[in-house]
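Given next are the chains, with one letter for each unit.
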Amino acid sequence: MSISQTRMNLKVENLGLDPDIFAKILELYQDNHYARLTGIKIVAIGQGKFIAEMVVDKNNSNVIGTLHGGATATLIDVCMGMACFTKGVTVVTGNINISYLSPGRASNKIIAVGQVIRSGKTTFFAEASLEDEKGQIIAKGTGTFFRKGNLLSE
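None of the values given here were measured: they were computed from a predicted structure.

S.K.: Can you help me understand the nonpolar core in this one?
M.R.: Side chains that are nonpolar tend, in soluble globular proteins, to be buried together. The biggest cluster of nonpolar side chains holds 39 residues, and the ones touching the most others in it are Ile25, Tyr29, Ile45, Phe50 and Leu75. Counting only elements with at least two residues in this core, the list comes to helix H2 (19-30), strand E2 (41-46), strand E3 (49-55), helix H4 (69-85), strand E4 (89-100), strand E5 (109-119), strand E6 (123-132) and strand E7 (137-150). Sort the elements by how many residues they give to this core and H4 lands first, with 10 residues.

S.K.: Would you take a moment to explain the side chain of Ser129 for this structure?
M.R.: Tracing the backbone shows Ser129 in strand E6. If near-sequence neighbours (up to four positions away) are discounted, Ser129 is found in contact with Ile111, Ala112, Val113, Ala139 and Lys140.

S.K.: I would appreciate a short explanation of the packing of aromatic side chains in the present structure.
M.R.: Given two aromatic rings, their pairing is described by the distance between the two centres and the angle made by the two planes. What the rule picks out here adds up to one aromatic pair. Between Tyr29 and Phe50, the ring centres sit 6.3 Å apart and the planes meet at 50 degrees, which makes this aromatic pair tilted. In this pair, Tyr29 sits in helix H2 while Phe50 sits in strand E3, placing the two residues 21 residues apart along the sequence. Judged by relative accessible area, which is 3%, Tyr29 ranks as buried.

S.K.: Is there a simple way to think about the confidence of the model for the protein chain in this case?
M.R.: As a note on interpretation, predicted positions should not be read in detail where pLDDT is low. Overall, the prediction assigns the protein chain a mean pLDDT of 91, with 94% of residues at 70 or greater. Ranking the elements of the protein chain by mean pLDDT puts helix H1 (residues 3-7) last with 37 and E4 first with 98. Counting contacts from residues 1-9, a segment whose pLDDT is below 50, to residues more than four positions away or on other chains yields 15 contacts.

S.K.: What is the right way to look at the layout of surface pockets in this model?
M.R.: One water molecule sets the probe size; rolling that probe over the atoms shows where empty space is left. Size it by volume and the largest pocket reaches roughly 340 Å³. Lining the largest pocket are 15 residues, and of these Asn32, Asp77, Val78, Met82 and Phe85 lie nearest its centre. Sorting the residues of the lining of the largest pocket by element identifies H2, helix H3 (33-38), H4 and E4 as the ones contributing at least two each. Examining the composition of the lining of the largest pocket, we find that six residues originate from one element, H4, more than from any other. Looking at the second largest pocket, its volume works out to about 260 Å³. What lines the second largest pocket is a set of 14 residues, among which Leu37, Thr38, Gly39, Met54 and Asn60 lie closest to the centre. Contributing elements (two or more residues each) for the lining of the second largest pocket: H3, E3 and H4.

S.K.: I would appreciate a short explanation of the sheet that holds strand E1 (residues 13-15) in the present structure.
M.R.: Read across the sheet, seven strands follow the order E1-E2-E3-E5-E6-E7-E4 without closing on themselves; strand pairing throughout is mixed. Two strands lie at the open edges of the sheet, namely E1 and E4, each paired on one side alone. On average, each strand axis in the sheet is tilted by 20 degrees relative to the strand beside it, whichever way the strands run. Of the pairings in the sheet, the one linking E3 to E5 comprises seven bridges and is antiparallel in character. By the bridge assignment for E5, Ile51 is matched with Val113. Seen against the sheet, H2 touches E1, E2 and E3 and runs at an angle of roughly 160 degrees to E2.

S.K.: What is the right way to look at H4 in this model?
M.R.: Side chains of residues three or four places apart in an α-helix project in the same direction, reflecting 3.6 residues per turn. For H4, built from 17 residues, the straight-helix expectation of 24 Å at 1.5 Å per residue is met to within 8% by its first-to-last C-alpha distance of 24 Å. Counting buried positions along H4 yields 14 of 17 residues, so the element is predominantly enclosed.

S.K.: Sorry, what's going on with the state of the cysteines here?
M.R.: A covalent bond between the sulfur atoms of two cysteines is referred to as a disulfide. Enumeration according to the criterion identifies zero disulfides in this entry. Free cysteine: Cys79, not disulfide-bonded; nearest cysteine sulfur from Cys84 at 11 Å.

Analysis parameters
The residue numbering used here restarts from 1 in each chain and proceeds along that chain's sequence as written. Local features in a predicted model are, by the rule used here, given only for residues with pLDDT of at least 70; side-chain atom pairs are given and counted only at 80 or more, and totals for whole chains, interfaces and linings are based on all residues. Side-chain metrics rest on all non-hydrogen atoms present in the structure, leaving aside hydrogens and water. Here, nonpolar core means buried Ala, Val, Leu, Ile, Met, Phe, Trp, Tyr and Cys residues that are tied together by side-chain atoms lying within 4.5 Å of each other. With a 1.4 Å probe rolled over the protein chains alone, any residue whose accessible area is under 20% of its type maximum counts as buried; one over 50% counts as exposed, and the rest are partly exposed. Comment: elements are numbered from the N terminus, with helices defined as DSSP H or I runs of at least four residues and strands as E runs of at least two. What makes two residues a contact is simply this: any of their non-hydrogen atoms within 4.5 Å. Aromatic rings from Phe, Tyr and Trp, with only the six-membered ring used for Trp, were paired whenever their centres fell within 6.5 Å, and each pair was classed as stacked if the ring planes differed by under 30 degrees, edge-to-face if by over 60, and tilted otherwise. For every residue, the predictor states its confidence as a pLDDT score lying anywhere from 0 to 100. A cavity, in this analysis, means grid points on a 1 Å lattice covering only the protein atoms where a 1.4 Å probe fits yet has no way out; a pocket is instead an open set bounded by protein on both sides within 12 Å along at least five of seven lines, and a residue lines either one if it has an atom within 4 Å of a point. Grid points are joined across faces, edges and corners, and a volume is the space filled by probe spheres set on the points. When DSSP finds at least two bridges between two strands, those strands are taken to pair. Under this scheme, a helix contributes an axis fitted over its contacting stretch, all axes are lines through C-alpha atoms, and angles between N-to-C directions fall in the 0 to 180 degree range. In a helix, the anticipated span is given by 1.5 Å times the number of residues less one. For the purposes of this analysis, a disulfide is any pair of cysteine sulfur atoms at a distance within 2.5 Å.

Set out below in structure tokens:
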């Protein structure tokens, strides 16, 4: 287990991603204060794929106790953007679209899968899906991301 995994107490599965890219993503994620604030935990990383989870609690729910739309959007954005990072680049979000399909209920674990669906020299397109532990689809999203730089040289 790497130092960054130990600091966040992560057990992240590498789904065949280049070890240097895998380690760099974990390092960047570890140093991201916003990631810690949101409670998003990485589950697995593969080529063009990023899987994370979040538990619906008082810190990310709305006034009626379900997963807040902003927390849903954050989880979708993080998973799609980090899926782009697996291509060896850093990106910034250009646009995201989200369809909210059902509420994430209190104490439920939300599993999010982000995937790159097309990558170019400067523009990446990705999608993400959020489900609860029972397989109920919470939300789906798509996004456009713009290349900022090279992951391993930043």
